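Okay, here's what each chain looks like letter by letter:
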Amino acid sequence: MAKFTDKISNLINSQAPDFVLEQHPKFLEFIKTYYTFMESAELVVTSVQTTDGIQLETETAQSNTLLLDGSRIDSDRTQLDAGDKIILESSAFGKFTRGETITGQTSNATATVLGEDLTNNRLFISAQDKFIEGETILGASSNASAIINNYKPNPVTNIQELLNFRDPDKVISNFLTKFRNEFLNTLPETLNSGVDKRTLIKNVKSLYRAKGTAKAHEVFFRLLFGLQSETIYPRDQMLRVSDGKWTTNKILRTIQTSAQVLSGDTADLIGRTITGETSGATAIVENVFKFQIGPYQVVEFIINDDTITGTFQTDEVIRGTSTDDEDIFIKSTVTGIPSVTTISNDGSNYSSTDSISISGGGTGSIIQVDGVGRGGITEFIIDDGGSGYEIGDDLVFTNTNTGGGNASAKVSLVNGGFTQEDSTSTVDDHIVLEDETVRGDIYTGNKIVQESGTGSGDITDIRIITNGSNYITLPVVTVDDTNGSGASVFAYGSEIGRVQSLKIVESGAEYQQSPTPPTLTLPTYLLIADKSGDFVVGETVTGLDISSTVVTATVVSYNSSTGILKCSNASGTFAEETIITGDTAATATIKKADQATATVTVNATADTAGTYINEDGHVSENTMRIQDSLYYQDFSYVIKVGRTINDWRDSFKKTLHTSGFYFTGQVNLETQVSVQLQSITGINTGIDYEGPALILNTLFSTIFGRRLGTEDDGTTLRATPEIGVNPDFDATSTPDLFTSNTRDVTLTRKMKISFPIIVKQTVRGTEYKFGHAYAGPRMKTLDIYDNPFGSNNMFSGSHTNARTTAFTASGPGSTTMITPLKMVNWADHTIIGLNNSLNGTGVQIDDYNNDNLKTYITWPTEIRATLPGFTFDRTGTTYDTTAFTFDKTF
């Protein structure tokens, strides 16, 4: 197929023989015009902006305009122009004319108007396939405008550009519908105004390939609405067992000497490799923190555990460079920090909040008990047996905040049993029956006891039925008082509160200094009985260890319900069944003392205690949910966008929804205001003002105080009244930012401010939106005194009540009539102050009846002193003389 690169109409003259050019020019013109027609295109337009013609008067509702007379058109116009409207010279636009260039306001495509048939909403133009349906075209010379509804090329153009119809970049605009039906049939016809459909057709394949991804969803909603969307997967908030992610950091701490500080900023080592000068160990730095610990400025390096080679040493210098091109090392000296803790005895009755005392060469470290064990009740301590109890009475357990339960026990022995003499035993061991004696006995127990009714009914022993489980602290125990009273019983479990792990909350610094490693001292928990007096918090208690060595400790607290005395800084380990004595002479017997002990090592690096980086696997009211059959499941997702789902559900399902998944919509509320307004113009003033965006930003983020006050009204000026404050919008605290006894603007004197009301004025039958000055003479005042036609003029015949004071020529107080004020040139008296076309025009007689018109004629004015001897030309009395004032009367 031949390829046409030029219009045939442009080739006629070059293709015709010379004799045709010379002898038949009209024929060639006809041929050229014919091909011009065949190469033209029809532009169907709507919303044609027609000219404003001169309207003719009619008695009916008909609208007729003044038209050209076709019989009177001059030689520059043709009969085709007959019937055109006659327009005013001030018309902003005209009618599309032949030969002018039209331009698409969106595509910037241009064409020449070959003819117009606007009666049928058509323009015939030179072929131009780059026009876009819906865009506005503008005539270059007529300034006429219209909106393109369709573009129809003629056959020759179609043949020339047939191959373009397969290319989205070159095909005519209305043929793009065919492409849409082929490639975009799942998308709505109407897309966001900023979407180029030609570009979309070429790239829509990548959208389909990304089907089912959050990225494809974002692109889809930008195409439809120009809005940002968010895809939420409820499975991310679905509770799964042990799904939490735990992480720890590997840290290395250093202290820079004064000389090393000059080597550079250690923060520049982030992302760089550091090397130990002595050990040769290396690691990559992930982050750097600086803080003060006691007298030391400590630099903490977070290093990547996977990149560590070798072992860093304390007191060695580590070094690194900020870039590969640096020729100076940044240096710092490694300090020792607690690294690994080891529990040598787990003890009992501890809690996870217990702090551990650390003593050694360093400073600033904080170590706490981390995890403690749970268990059941293994023993009871009878502090007071009471009286009146019987074998079989129940023990009552209060399990609140203990974490455990299900323990049960009964009184197994009352009235007391027989024990060995003090000289033969150091403990209260009972005398019991031989095993064979009680074999097959229906009664529980083998202790030899007093006969029933021979004692006081005091509790001697307790039988555990079930130990219970999961106790993290000791429960409070009481005995059923149906039969007896006065008993005091404490529960004990060897596994309850045992220390399982320790955590280093703060590593401190300089623990490589002697004595090293530091010593860890855990709190001491003593279960005591037979207490006499009260132990005071902070006092020292003294007792013995198993070797009868004196042990001291400081009282921290005492729980009378469980019998637990907590102490700190114990110098040793108390022995059971020994007596402790306080500074206040209080005493007690230690029944249970299981002291926990631990040690710690000091290294250059250590792992932090660690934390969960998410809440997966944690039961939560507002984050994690239990799986259901619809929303919270592995195959559901939520589209969050600023449109109702009814606007996009169908097209989204056809285009991007993944089969087998459930989806729903969530309206994304706007939290930001788009301030695109750049300027405003006053309706009446016409003044342009720039910067509303800046003003809105200030108004919505800052409160400015503007309370007026004076220097002597009891208020004080705020320190920075010109600076706004950020509000927290709390009803109780925001008003406190500007209290009633402060001011922001100071008036030197109290003043009264009044605002005149702007009224509309009617002058010569027309109403104007302008006010007038209240001070000075006005037209109607002149009417009273000087208008010869007024009711109070000087020529009215009677001068008895005439207002002549302003024109009196004699001395003060005289009422002698004089000749009225004479105008030198009355024609020079003009209207002023209206801010319209009447300004500067001569005053008419009726204007003198208008009390709101200004005049520049001033009244003759005289100031006189009423007391002889005091005149204003007197040099002895001046305006700054405080003894004489204008309101002074004599």
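What you are looking at is a predicted structure, and each value in this text was computed from that prediction instead of being measured.

### As for the overall build of the protein
At step 1: Assigned secondary structure in the protein consists of 11 helices and 44 strands.
At step 2: Going through the 890 residues of the protein one by one, you find that 33% of them count as buried.
At step 3: Counting only contacts in the protein whose residues sit at least 6 apart along the sequence, the fraction spanning at least 24 positions is 66%.
At step 4: With the model as given, the accessible surface of the protein reaches about 53600 Å², and the carbon-plus-sulfur share is 50%.

### Quick look at the side chain of Ser-651
At step 1: Secondary-structure assignment places Ser-651 in helix α9 (residues 649–655).
At step 2: Residue classification places Ser-651 among the buried positions, given a relative accessible area of 11%.
At step 3: Here Ser-651 is in contact with Thr-186, Pro-188, Phe-220 and Leu-224, once residues within four sequence places are set aside.

### Some points on the packing of aromatic side chains
At step 1: Scanning the model with the defined rule gives 15 aromatic pairs in all.
At step 2: Geometrically, the ring pair formed by Tyr-350 and Tyr-525 is edge-to-face, given 4.9 Å between the ring centres and 80 degrees between the ring planes. On the criterion of sequence distance, the pair formed by Tyr-350 in the loop between β15 (337–345) and β16 (355–359) and Tyr-525 in strand β26 (residues 524–532) is long-range, its members being 175 residues apart.
At step 3: Accessibility expressed as a relative area gives 1% for Tyr-350, which makes it buried.
At step 4: Ring plane angle 70 degrees and centroid distance 4.9 Å describe the contact between Tyr-631 and Tyr-632, whose orientation is recorded as edge-to-face.
At step 5: Of the residues examined, Tyr-632 reaches a relative accessible area of 15% and is grouped as buried.
At step 6: Through a chain of ring-to-ring contacts, three or more aromatic side chains come together here, namely Phe-220, Phe-221, Phe-225, Tyr-233, Phe-635, Tyr-637, Trp-648, Phe-652, Phe-661 and Phe-663.
At step 7: Stacked on the ring of Phe-329, the Lys or Arg Arg-319 has its end atom at 4.3 Å from the ring centre.

### Observations concerning the packing of helix α5 (residues 176–183) against helix α6 (residues 197–209)
At step 1: At their nearest, the axes of α5 and α6 sit 10 Å apart, and the two run at 5 degrees to each other. If you check the angle between α5 and α6, you find them roughly parallel. Contacts from Leu-176, Phe-179 and Phe-183 of α5 reach α6 at Arg-198, Ile-201, Val-204 and Tyr-208.
At step 2: Classifying every residue of the contact of α5 with α6 gives 6 nonpolar, no polar and 1 charged.

### Topic: the sheet that holds β26
At step 1: Reading around the barrel, the 6 strands line up as β26-β29-β28-β27-β30-β31 and close back on themselves, with antiparallel pairing between neighbours. Neighbour-to-neighbour, the strand axes of this sheet turn through a mean angle of 45 degrees, independent of strand direction.
At step 2: In this structure, strand β28 (residues 550–559) lies alongside strand β29 (residues 564–568), joined through 5 bridges in antiparallel fashion. Residue pairing across strands places Asn-559 opposite Ile-564, the latter belonging to β29.

### With respect to the sheet that holds strand β36 (residues 662–667)
At step 1: A sheet is described by the order of its strands in space; here 3 strands give the open sequence β7-β35-β36, paired in mixed fashion. A single partner strand is all that each edge strand has here, and the edge strands are β7 (230–232) and β36. Neighbour-to-neighbour, the strand axes of this sheet turn through a mean angle of 25 degrees, independent of strand direction.
At step 2: Here strand β35 (residues 636–641) runs beside β36; their pairing, made up of 6 bridges, is parallel. Along β36, the bridge assignment pairs Val-638 with Thr-664.
At step 3: Sheet contacts for helix α7 (residues 214–224): β7 and β35; angle to β35, the most-contacted strand, approximately 35 degrees.

### A word on the pairing of strand β27 (residues 540–544)
At step 1: Burial along β27 is one-sided: the face carrying Val-541 and Gly-543 is buried and the face carrying Thr-540, Thr-542 and Leu-544 is not.
At step 2: Counted along the chain from β27 to the antiparallel partner β28, the turn is 5 residues long, and its residue Ser-548 has a positive phi close to 65 degrees.
At step 3: Where β27 meets strand β30 (residues 579–582), 2 bridges bridge the pair, whose relative direction is antiparallel. Note that in β30 the partner of Val-541 across the bridge is Gly-582.

### Thoughts on a negative patch on the surface
At step 1: A surface patch of negative charge is lined by Asp-268, Asp-325, Glu-326 and Asp-327.
At step 2: Considering the arrangement of structural elements, one finds Asp-327 in the loop between β13 (317–320) and β14 (330–334).
At step 3: A residue is classified by how much of its surface remains accessible, and Asp-327, at 71% relative accessible area, is exposed.

### Things to note about helix α3 (residues 25–38)
At step 1: Here α3 spans 20 Å end to end across 14 residues, near enough to the 20 Å set by a 1.5 Å rise per residue.
At step 2: For α3, the full list of buried residues reads Leu-28, Ile-31 and Met-38. Projected down its long axis, α3 carries its buried residues within an arc of 85 degrees, all on one side. The outward face of α3, more than 90 degrees from its buried face, is lined by the exposed residues Lys-26 and Phe-30.

Thresholds, definitions, all that
Position numbers for residues count from 1 along each chain, tracking the sequence in the order it is written. Where local features are concerned, this predicted model is filtered to residues with pLDDT of at least 70; where side-chain atom pairs are given and counted, the filter is 80 or more; whole-chain, interface and lining totals use all residues. Excluding hydrogens and water, the side-chain values take into account all heavy atoms of the structure. Only DSSP runs of H or I reaching four residues or more are called helices, and only runs of E reaching two or more are called strands; each is numbered from the N terminus. For every residue, the accessible area (1.4 Å probe, protein chains only) is compared with the maximum for its type, and the residue is labelled buried under 20%, exposed over 50%, or partly exposed between those bounds. The criterion used for residue contact is that any of the two residues' heavy atoms lie within 4.5 Å. Only the protein chains shown count as cover for residues, and the accessible areas themselves come from Shrake-Rupley with a 1.4 Å probe. For Phe, Tyr and Trp, where Trp contributes only its six-membered ring, two rings pair if their centres lie within 6.5 Å, and the inter-plane angle classes them as stacked under 30 degrees, edge-to-face over 60, or tilted in between. By the criterion adopted, a ring carries a charge over it if an Arg CZ or a Lys NZ lies within 6 Å of its centre and within 35 degrees of its normal. To obtain each axis, a line is fitted to C-alpha atoms, and for helices this fit is confined to the stretch in contact; angles are then taken between N-to-C directions over 0 to 180 degrees. Angle categories are assigned with fixed cut-offs, so that under 35 degrees is roughly parallel, over 145 is roughly antiparallel, 65 to 115 is roughly perpendicular, and the rest are oblique. Each residue is assigned to one of three groups, with Ala, Val, Leu, Ile, Met, Phe, Trp, Tyr, Cys and Pro labelled nonpolar, Asp, Glu, Lys and Arg labelled charged, and all others, Gly among them, labelled polar. Any two strands with at least two DSSP-identified bridges between them are counted as paired. In this scheme, patches are assembled from residues that exceed 30% relative accessible area and form no salt bridge. Like charges are connected within 9 Å, while nonpolar side chains (Val, Leu, Ile, Met, Phe, Trp, Tyr) are connected within 5 Å. The working definition used for a salt bridge is a side-chain nitrogen of Lys or Arg within 4 Å of a carboxyl oxygen of Asp or Glu. Here Asp and Glu are counted as negative and Lys and Arg as positive; His is not counted, and neither are the chain ends. All charge positions are set by atom: Lys at NZ, Arg at CZ, Asp at CG, Glu at CD. In this scheme, a helix's expected span is set at 1.5 Å multiplied by one less than its residue total. Taken from the helix axis, the directions to the C-beta atoms give the arc we talk about.

Coordinates in, geometry out; function isn't part of it.
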